[in-house]
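What the coordinates show
Read off the chains here:
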Amino acid sequence: MLCMSLGLSVSAQAQFVTTMPPAIPSLTAPAAPIAPVVANSSTPRTIDSIAAVVNDDVITRQELADRMSMVEKRLTSQGVALPPRAQLQSQLLERLIVERAQAQMAKENGIVIDDTMLDRAVARIADQNKLTMQQFRVQLQHEGIDFGAFREDIRREILMQRLREREVDNKVLVSESEVDNYLASQGNGAAARDELKLAQILVRVPENASAEQIAARRQRAEEVLLQVKSGGDFAKLAATYSDSTEALNGGDLGWRSQDRLPQLFIDAVTSLKPGEVSGIVKSGNGFHIIKLMDRRSASNEKAATPAVQQTHARHILIKVNQVVTAADARRKLLELKERLDNKAATFEELAKLYSNDLSASKGGDLGWIYPGDTVPEFERAMNELKVGEVSQPIESPFGYHLIQVLERKTEDGSQERARQAARQAIRERKIDEATEDWLRQLRDRAYVEIRTDDNG
């Protein structure tokens, strides 16, 4: 099995993430050709049929069959008992519906993952697995995965992450009063850093649900809880019934420090021993059943306020507006970068002349930047740069940037760092919750027609 972390944002990795499952076999395999059915020369050939209509697009039965095959292999390799095939198919169709709705929204917002960005992501995956690209391709082939299909799966995953960053991450704000309250409630912070390994089954309640719908969903949750209490396999029941995005991983949320978990989850498992299951927990998204899989205390090293890397950077920003298109902004920055590469001008000079940011008067200097101080697209690009290196044009919600890293330093724990760590913990928790809510709304607002007949 190959590790597949893309090195993306911390919050994206830590949350449930429908995107980026932990191993290559969890990616969608390429669609196999469907054999034509020919009864006689006048019989039409069956190419494929429609499983569901999502807004103005369709999901074919072949797509669903491919995903079924992939997930069945993954669950088997993880030792998770397979749920009934009809229920697994229903789960997977729902997953595909949400994915398709996200892809449509990304297209509407002009989010594009070009081949250069995709190549870098695939190269990072190969590097994280300590393989050359050639070795990586061979390993994929050995696991029955077509390299071209793999690349397109990664493109789709990055696309959905960029969309979530735009629609969720960049809209999450943390106030100073929230930081104050967080620090006051943590005391010495040891308990907050203790980690819990949880799994959940979520019975989702639709947006603006009626009283009858809420009652029906609660009844379903109670029926599932009864099966769990009667000795049912939690992972299998999660894969069968859960509406959460980690359902097909057996509901496993992984290890999380308590400051990264909703308080209602912490309260639900406080008195539980590892292996025990909570009662029904109500949230804005629906009804949860929480299993405490394990808990561990923070080490002394971890309990201390961790050191943090700060980056001193500067940038040139070209904003996109009715006059300046995205193509214009990118082209202008490429021209400026060529001047920098040829030493025809200094970064400071060009920033003062061309940057559309308040930092222009300071030569684009942004000062020392903590993790989380900038939007994810900017931070990710900045972190990939060496000291002195200038980026390619980078898109963010503000426009297009050229970024240069001037220096880096690691700062020991301090009061300011404690506040920054608290701010980041609050932000990540709010992103987790906001993402769940956003996905629910996206699904509820989409026009979906599920086809039950093979003729589409």
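Please read these numbers as outputs of a predicted model, since none were measured by experiment.

Every buried residue of helix H14 (residues 347-354) is listed here: Phe347, Leu350 and Ala351. Buried positions in H14, seen along its axis, are confined to an arc of 100° and lie on one side of it.

Another aspect to go through is the packing of aromatic side chains. Counted according to the given criterion, the structure contains one aromatic pair. Between Phe136 and Phe150, the aromatic rings sit 5.5 Å apart at their centres with planes inclined by 70°, giving edge-to-face as the arrangement. Pair noted here: Phe136 is in helix H5 (residues 133-142) and Phe150 is in helix H6 (residues 147-167), with a separation of 14 residues, a long-range link. Judged by relative accessible area, Phe136 falls into the buried class, the value being 0%. On the basis of relative accessibility, which here comes to 0%, the residue Phe150 falls in the buried class.

Core analysis: the largest hydrophobic core is formed by 43 residues, its most contacted members being Phe136 and Phe150. A total of nine residues in this core trace back to one element, the largest contributor, which is helix H3 (residues 85-108). Ile316, Leu333, Val390 and Tyr400 belong to the second-largest nonpolar core, a separate cluster that totals 13 residues.

Quick look at the sheet that holds strand E1 (residues 50-54) now. If you trace the three strands from one edge of the open sheet to the other, you get E2-E1-E11, paired in antiparallel fashion. Each edge of the open sheet is held by one strand with a lone partner, namely strand E2 (57-60) and strand E11 (448-450). Each strand of the sheet is rotated relative to its neighbour by a mean of 20°, with strand direction disregarded. By the bridge criterion, four bridges tie E1 to E2 in an arrangement that is antiparallel. The residue of E2 that forms the bridge with Ala52 is Ile59. In the packing of H3 onto the sheet, contacts are made with E1, E2 and E11, and the angle to E2 comes to roughly 150°.

As defined by bridge partners, strand E5 (residues 277-282) adjoins strand E6 (residues 286-296) across four bridges and the pair is classed as antiparallel. Across the sheet, residue Lys282 finds its bridge partner in E6, namely Phe287.

This part takes up the sheet that holds E6. Spatial ordering of the open sheet is given by E4-E3-E6-E5, a layout of four strands whose pairing is antiparallel. Taken across any chain shown, the strands that pair with only one partner, and hence form the sheet edges, are strand E4 (252-257) and E5. On average, each strand axis in the sheet is tilted by 30° relative to the strand beside it, whichever way the strands run. Bridging between strand E3 (residues 195-204) and E6 involves 10 bridges; their strand directions are antiparallel. Across the sheet, Leu202 pairs through a bridge with His288, a residue of E6.

Moving on, we come to the side chain of Lys337. The residue Lys337 is located in helix H13 (residues 326-341) in this model. For Lys337, a relative accessible area of 11% translates into the label buried. Non-local contacts of Lys337, meaning those with residues more than four positions away in its chain, are made with Val390, Ser391, Gln392 and Leu402.

What counts, and at which threshold
Residues numbered from 1 in each chain as written. Predicted model: local features only at pLDDT ≥ 70, side-chain atom pairs only at ≥ 80, totals over all residues. Heavy atoms only, no water. Buried < 20%, exposed > 50% of the residue type's maximum accessible area, 1.4 Å probe, protein only. Helix = DSSP H or I, 4+ residues; strand = E, 2+ residues; numbered from the N terminus. Arc of directions from axis to C-beta. Phe/Tyr/Trp six-rings, centres within 6.5 Å; stacked < 30°, edge-to-face > 60°. Core = buried A, V, L, I, M, F, W, Y, C linked by side-chain atoms within 4.5 Å. Pairing = 2+ DSSP bridges. Axes fitted to C-alpha atoms, helices over the stretch in contact; angles between N-to-C directions. Contact = heavy atoms within 4.5 Å.

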